[in-house]
Amino acid sequence: MDRNEVRHAWDSVSETYAERRDPTGSDAALLDDLLERLPGAPTVLDVGCGDGARTLANLPPNSVGLDFSRAGLDLAAETVPDSRLVQGDMTALPIATDGVDAVTAYHAVFHVPRDQHPTVYREFARVLRPGGTVLMTLPSGQFETVRRGWMGGSMFFSAPGRRATLDQLADAGFTDTETVTATDPLGSDSEFVFATLDGDQRPPTPLGRRPC
């Protein structure tokens, strides 16, 4: 599936996904651990926020929810009406350099082709302030597939594997990684990773992605 097909796929399943996912759980509780690591009144970017019930609703009021799907953002506008919502692609985040204190990405990156994951992690590093934290799902395996019938539609999944993901985060300037297993929205278990951005190790900001 190309990126437009993935966007349309999410538009078609967003409502069903929101209805079937449990808004509570130990992965949502990880957000409390994240906030303890951040300065007071932090700005958090929630990548792949969807309807917002599990992540964005549990983040500080000045947080930003970003999603590829317009349908997902429409649901988030109902669930978290005071949040700031942005439609965009995580491979080219429409966020200023050094603009946020943390990035959350729950069950999100593996909907991007795995050969583009390094670009995603460099974008996370770009928008984070030095010393900022990313909290994201850590894929356990290596795969690239389209799952037919998923949530009543079709969805693209892609990941290079656990070790490769950790290496890609390190290449993007993330250090001090810490992993933890928690329940995911559909009732199974997933591994998550906390990683801290080392400003000295961050790749140079690409041309055209300067602060605005």
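Before any of the text, the structure's been laid out above.
Residues numbered from 1 in each chain as written. Predicted model: local features only at pLDDT ≥ 70, side-chain atom pairs only at ≥ 80, totals over all residues. Heavy atoms only, no water.

Caption draft 1: How the structure looks around the packing of aromatic side chains. Within this structure, the stated rule accounts for five aromatic pairs. Here the aromatic rings of W150 and F157 are separated by 5.5 Å at their centres, their planes lie at 80 degrees, and the arrangement is edge-to-face. Among the aromatic residues, those joined into a cluster by ring pairs are Y17, F110, W150 and F157. The ring centre of F68 lies 4.3 Å from the NZ or CZ of R3, which sits over that ring. (Phe/Tyr/Trp six-rings, centres within 6.5 Å; stacked < 30°, edge-to-face > 60°. Lys NZ or Arg CZ within 6 Å of the ring centre and 35° of its normal.)

Caption draft 2: How the structure looks around the sheet that holds strand β8 (residues 174–183). In spatial order, the strands read β3-β2-β1-β4-β5-β9-β8; together these seven strands make up an open sheet with mixed pairing. Looking at the sheet topology across the chains shown, the edges are occupied by β3 (84–87) and β8. Between one strand and the next, the sheet's axes are offset by a mean angle of 20 degrees, whatever the strand orientation. Its contacts with the sheet place helix α4 (residues 117–127) against β1 (44–47), β4 (100–105), β5 (128–138), β8 and β9 (189–197), and it is angled at close to 145 degrees to β5. (Pairing = 2+ DSSP bridges. Helix = DSSP H or I, 4+ residues; strand = E, 2+ residues; numbered from the N terminus. Axes fitted to C-alpha atoms, helices over the stretch in contact; angles between N-to-C directions. Contact = heavy atoms within 4.5 Å.)

Caption draft 3: Spatial organisation of the pattern of salt bridges. If you walk through the whole model with that rule in mind, you get ten salt bridges. A salt bridge links R3 to D89; its shortest N-O distance comes to 3.3 Å. Of this pair, R3 sits in helix α1 (residues 3–20) while D89 sits in the loop between β3 and β4; the two residues are 86 residues apart in sequence, bridging distant segments of the chain. With respect to burial, R3 and D89 carry one shared label: buried. Salt-bridge contacts for R126 lead to E123; the nearest nitrogen and oxygen are separated by 2.8 Å. Taken together, the residues R126 and E123, both in helix α4 and three residues apart, mark about one turn of the helix. (Salt bridge = Lys/Arg side-chain N within 4 Å of Asp/Glu carboxyl O. Buried < 20%, exposed > 50% of the residue type's maximum accessible area, 1.4 Å probe, protein only.)

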